Amino acid sequence: MTATTPPYAWLDGRLVPWDQCLVHARSQGAFWGANVFEGIRVYTGDDERLYAFRVQDHLERLWRSMKSLRMEIAYTPEELARACSDLVLANDFGTDAHVCVVGYFGMGPNFDPMTTTVETGVHITSTPVPRSLAHDRGVAACISSWRRISDDAMPPRIKAGANYHNSRLAHHEALRNGYDTTLLLNARGTVSEAPGSCVVMVRDGELVTPPGTSGVLEGLTVDTVATLAQEHLGLPLRRREIDRTELYVCDELFLCGTMSELLPITSIDRITVGDGRPGPLTQALQRHYDDAVRARGKHPEWCTPVTADTASPAGPAAPGGSAA
């Protein structure tokens, strides 16, 4: 265990030492990616308290993903929210953190990863996540040669681990070719999303993002941006198809995601976006977003305090112990 390894994880009902958060290699969740998950950001507010951002909305989306896969787990959303608080408090990173909640299918009959199983489990991990250095300077993106998965094949609306093979192929191709990230087109040839993030374009003063039917995950961060843009800037977020060449002539472009937050794209296919710097609307929305996630905005309901009052009473398992 290195100095940067988190001390604890959460597995099937209790906190356990990080290296004991184990799922069998032949479980369907591990073998074929038969799992669903949510990533939740925890921020430090001006009052030094920790706040989980839109945790209930994330857990509601997790339940929608599970419904689509006919997955049932042994924990309620309230129990998982308390488990997230337990874990963040136990790890005590002293900085912003990311919490990943995963529901997975266990062993199938005769260890067959294809067969139906009612065996399920949940694991939760948390890691320290400081803000990206690219938040202020932006990133260079390309259009991927890989097409985005579609609702009639591997529905992106389900936040399933197996879906992210598509994102991984696209992202690694971009890195090999000297870019920071990439955007995928859908089967119709219009813009879908980045690996793990939605995309928002500013063109002629209008905010535009691809619709939910374009092969995107229905993003909570882009939903947050829509609310903030309307309230603070008087700009509605329009949802429509976006052509590839629109990206070349747009005024501003940025990613939206729990991990990426609002991340400016300053070039696409080595064509400069705007003047090659984060644009004014992007920067304004970044400021409003930062206010929102740190509980100093107009929506305190988005920020759940992470305190012992919201944590479950069970303490961490003793080193060498096993999950209950």
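Figured I'd write up the structure that's included with this text. Computed from a predicted model, the values in this text were never measured in an experiment. (Residues numbered from 1 in each chain as written. Predicted model: local features only at pLDDT ≥ 70, side-chain atom pairs only at ≥ 80, totals over all residues. Heavy atoms only, no water.)

1. Some remarks on the overall build of the protein
For the protein, the helix and strand inventory stands at 8 helices and 15 strands. Taking 324 residues into account, the globule formula puts the C-alpha radius of gyration at 20 Å, and the protein, at 20 Å, falls close to it. A principal-axis box enclosing the C-alpha atoms of the protein has dimensions of 60 × 50 × 35 Å. Looking at the protein as a whole, 52% of its 324 residues qualify as buried. In the protein, the proportion of contacts linking residues at least 24 apart, taken out of those at least 6 apart, comes to 71%. Accessible area of the protein: about 15000 Å², with a carbon and sulfur share of 53%. Each charge sign in the protein was given a centre, from 30 positive and 39 negative side chains, and these centres are 4 Å apart. (Helix = DSSP H or I, 4+ residues; strand = E, 2+ residues; numbered from the N terminus. Rg over C-alpha atoms; globule rule 2.2 N^0.38 Å. Buried < 20%, exposed > 50% of the residue type's maximum accessible area, 1.4 Å probe, protein only. Contact = heavy atoms within 4.5 Å. Areas by Shrake-Rupley, 256 points an atom, 1.4 Å probe, with all protein chains shown as cover. Lys, Arg positive; Asp, Glu negative; His and termini not counted. Charge placed at Lys NZ, Arg CZ, Asp CG, Glu CD.)

2. What to know about the sheet that holds strand β6 (residues 120–128)
In spatial order, the strands read β2-β1-β6-β5-β3-β4-β15; together these 7 strands make up an open sheet with antiparallel pairing. Whereas interior strands pair on both sides, the edge strands pair on one side only; in this sheet they are β2 (14–17) and β15 (303–305). Each adjacent strand pair in this sheet contributes to an overall mean axis angle of 30°, direction not counted. As paired strands, strand β1 (residues 8–11) and β6 are joined by 2 bridges and run antiparallel to one another. Of the residues in β6, the one forming a bridge with Trp10 is Ile124. Contacts between helix α2 (residues 55–69) and the sheet are confined to β3 (35–44), β4 (50–53), β5 (97–105) and β15, with β3 contributing the most and set at about 175° to the helix. Lying over the sheet, helix α8 (residues 280–293) contacts β3, β4 and β15, oriented at roughly 115° with respect to β4. (Pairing = 2+ DSSP bridges. Axes fitted to C-alpha atoms, helices over the stretch in contact; angles between N-to-C directions.)

3. Observations regarding unusual backbone geometry
Despite not being glycine, Glu48 shows a phi value in the positive range, around 70°. Examined against the element boundaries, Glu48 turns out to sit in the loop between β3 and β4. Notably, Asp269 is not glycine yet its phi reads approximately 55°, a positive angle. Relative to the assigned elements, Asp269 resides in the loop between β13 (261–268) and β14 (271–272).

4. Considerations on the packing of helix α6 (residues 220–233) against α8
Running from N to C, α6 and α8 cross one another at 105°; their axes reach a closest spacing of 10 Å. The orientation of α6 with respect to α8, classified from their angle, is roughly perpendicular. On α8, the residues that touch Thr221, Thr224, Val225, Leu228, Ala229, His232 and Leu233 of α6 are Leu281, Ala284, Leu285, His288, Tyr289 and Ala292. Here the residues of the contact of α6 with α8 are counted per class, giving 9 nonpolar, 4 polar and no charged. (Parallel < 35°, antiparallel > 145°, perpendicular 65-115°, else oblique. Nonpolar A, V, L, I, M, F, W, Y, C, P; charged D, E, K, R; others polar.)

Keep in mind that these numbers describe shape and distance, not what the molecule does.
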